[in-house]
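Close look at the chain arrangement
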Amino acid sequence: MTKSRSRVEDEDLLNGWKKIADFLQTTTKSAHRWEQKDDLPILRPGHGRKGTVFASKRALRAWRTGGIADAIIADNRLIVFDRKARLLWAHDFLEPLSRFTADELEWRLRFIDLHGNGDRGVLLVTRFLDSSKADQVMYFSSEGKVEWTLEPKPQLQKPNGAVFEDAWTIKHLITIPEAMGRMIHLAMANEAGWGGCVLRVDAEGRPTVQFANAGYVEGLCSVGVPDDRLMIVCGENNDFDCAFVALLGIDDAPSCSIPGSRTVYRFANAPEEAPRKYILFPQTELIAARKKLYGHAQQIRQYRDRVIVEVETGGDGGFLLYHFTDYLEPMYAFPSGSHEEFHRSLEATGAIGHPWLQCPELRTPLQLKVWTRNSGWQEQEIPWRDNPWKDDPID
């Protein structure tokens, strides 16, 4: 007769510092010190420093033997090391993986306690060299066992009820703390069509659509504010031919981008709710000079007091940095250095008829189109940062 899962989990948990210290054959003082200085995996259900603490025997064993600290990807192999750089385990894929940049690896390869039991595993978003192979999300236990594999195929339909082509790719991933463990959110794009979405994936690898968008979703970030949990997403909207950024409540009902006049870009089975806020970025000078409809909003940078959305302008590195508060209130815009370089290169070709330092676009605020639940669509100015070119001579 097998034990129930809940019974096994109960037997794995240690309640209180005394039992944890006894299991580790040390003093409670040493256990406290190890938590503070050596990442001893302690569970605190109340999310505070005080109150009852728990620990998983399995996680403590893994910590004592080294625990997962680093990993590398080499061709078709994932190799995982402990805190002393010793090999813990390796996993071989049937196909070679793509080479990822450092920025990509930061979100594609994560070491997280997904189940909230103190046992830190490996979360990996794969992309194979063979482009016919679909992206996958895989979660490995601390011992290297594949707990689940997800090949995301959002159950969204085109206006005629047809399913989207089997061409979904993962653009970004974030994990968000829950009462026990973490929840995964994926930014998705259908590269054979126009659809995009945010998928919410639970600790068992089960996905649901959290946000459907009439265009690619490229970047995500979570924002912690008093008494609320927010997520900011960015990408493109084909209905309006604009880059966008939106504000979602993590615990809100699933929602969908605001529809425009082009019914071809509507889902037959989209969620009925709307996001808290939806903002469309303008077609700025460099985008128009390159004869493009819009630039791509590909990344969100998160800082202590703001978020910054990068919107492409130059096509190969040039972009504008749009600064917002955590509630997605516009603060100001600022051009990247490469934006200036592209402006000067377009001057040289005659695509732009004035020099950078006399650019009229920089003298007036940009116009955002902002949708909120209370007010619908409105235009809102976002100024340029106060005299960002103050060190440049003005002719």
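You'll find the structure just up there.
Note that the structure is a prediction, hence the values are computed from the model and not measured. (Residues numbered from 1 in each chain as written. Predicted model: local features only at pLDDT ≥ 70, side-chain atom pairs only at ≥ 80, totals over all residues. Heavy atoms only, no water.)

**Observations regarding the nonpolar core**
By size, the foremost hydrophobic cluster in this structure holds 30 residues, and its most contacted members are I232, V245, F281, V309, Y322, F324 and L368. Secondary structure elements with two or more residues in this core: β14 (217–225), β15 (228–237), β16 (242–249), β19 (297–302), β20 (307–312), β21 (319–324) and β23 (366–372). Once you skip the residues sitting within four places of it in the chain, V309 turns out to touch C234, V245, F281, A297, Q299, I300, L320, L321, Y322 and F324. Grouped together as the second largest cluster of nonpolar side chains are 28 residues, W168, L173, V209 and F267 included. (Core = buried A, V, L, I, M, F, W, Y, C linked by side-chain atoms within 4.5 Å. Buried < 20%, exposed > 50% of the residue type's maximum accessible area, 1.4 Å probe, protein only. Helix = DSSP H or I, 4+ residues; strand = E, 2+ residues; numbered from the N terminus. Contact = heavy atoms within 4.5 Å.)

**Some remarks on the pattern of salt bridges**
In the structure shown here, the tally under the stated rule is 22 salt bridges. Note that D119 and R58 form a salt bridge whose closest N and O atoms lie 3.2 Å from each other. Taken together, the residues span a long stretch of sequence, with D119 in the loop between β6 (109–112) and β7 (121–126) and R58 in helix α4 (residues 57–64) at a distance of 61 residues. What makes R58 partly exposed here is its relative accessible area of 34%. For the salt bridge of R127 with D135, the shortest nitrogen-to-oxygen distance reads 2.7 Å. Judged by its relative accessible area of 25%, R127 falls in the partly exposed class. In the salt-bridge network here, residues are joined through shared partners; they are E178, R200, R229 and D251. (Salt bridge = Lys/Arg side-chain N within 4 Å of Asp/Glu carboxyl O.)

**Structural notes on the pairing of strand β13 (residues 207–213)**
Among the 7 residues of β13, 5 are classified as buried, and the element is accordingly described as predominantly covered. Where strand β12 (residues 196–201) meets β13, 6 bridges bridge the pair, whose relative direction is antiparallel. Note that in β13 the partner of L199 across the bridge is V209. Taken together, β12 and the strand that follows it, β13, pair antiparallel across an intervening segment of 5 residues, in which G205 is found at a positive phi of about 85°. Relative to strand β17 (residues 255–256), β13 runs parallel, the two being bridged by 2 bridges. Counterpart to F211 in the pairing with β17 is S255. (Pairing = 2+ DSSP bridges.)

**Observations concerning helix α2 (residues 17–24)**
Turning to α2, its buried residues are W17, I20, A21 and L24. On an axial view of α2, the arc spanned by its buried residues comes to 95°, and they lie on one face. Where the residues of α2 are buried, they touch β1 (13–15), α3 (28–38), β2 (54–56) and α4. Just downstream of α2, Q25 is the residue with a positive phi angle, here 55°. (Arc of directions from axis to C-beta.)

**A closer look at the sheet that holds strand β10 (residues 168–177)**
Within a sheet, neighbouring strands are paired by backbone hydrogen bonds and run either parallel or antiparallel to one another. Pairing is mixed across the open sheet formed by 5 strands, whose spatial order is β10-β11-β12-β13-β17. Both edges of this open sheet fall to β10 and β17, since each of them pairs with a single strand only.

**Points about empty space enclosed by the protein**
Evaluation of the coordinates by the stated rule reveals 2 cavities of 30 Å³ or more. Every residue lining the largest cavity is listed: Q210, L248, G249, D252, A253, S255, A274, P275, R276 and R373. Here the residues of the lining of the largest cavity are counted per class, giving 4 nonpolar, 3 polar and 3 charged. When its volume is computed, the second largest cavity comes out at roughly 30 Å³. Lining of the second largest cavity is provided by R58, H115, N117, D119, Y139, S141, S142 and E147. Here the lining of the second largest cavity is built from residues that sort into 1 nonpolar, 4 polar and 3 charged. (1 Å grid on protein atoms, 1.4 Å probe; cavity = no way out; pocket = protein on both sides within 12 Å on 5 of 7 lines; lining within 4 Å. Points joined across faces, edges and corners; volume = space filled by probe spheres on them. Nonpolar A, V, L, I, M, F, W, Y, C, P; charged D, E, K, R; others polar.)

**Quick word on the environment of D39**
For D39, the position within the fold is in the loop between α3 and β2. Among the residues examined, D39 registers a relative accessible area of 61% and is labelled exposed. Spatially, the C-alpha atoms of D39 and R229 are 26 Å apart, while their sequence positions differ by 190 residues. Aside from chain neighbours lying at most four places away, what touches D39 is W34 and W63.

**As for the sheet that holds strand β5 (residues 87–92)**
Strand order across the open sheet formed by 3 strands is β3-β4-β5, with antiparallel pairing between neighbours. Looking at the sheet topology across the chains shown, the edges are occupied by β3 (68–74) and β5. In this sheet, neighbouring strand axes are inclined to one another by 20° on average, regardless of whether the strands run parallel or antiparallel. Alignment of β3 against strand β4 (residues 77–82), held across 6 bridges, turns out to be antiparallel. Within β4, the position partnered with I72 by the bridge is I79. (Axes fitted to C-alpha atoms, helices over the stretch in contact; angles between N-to-C directions.)

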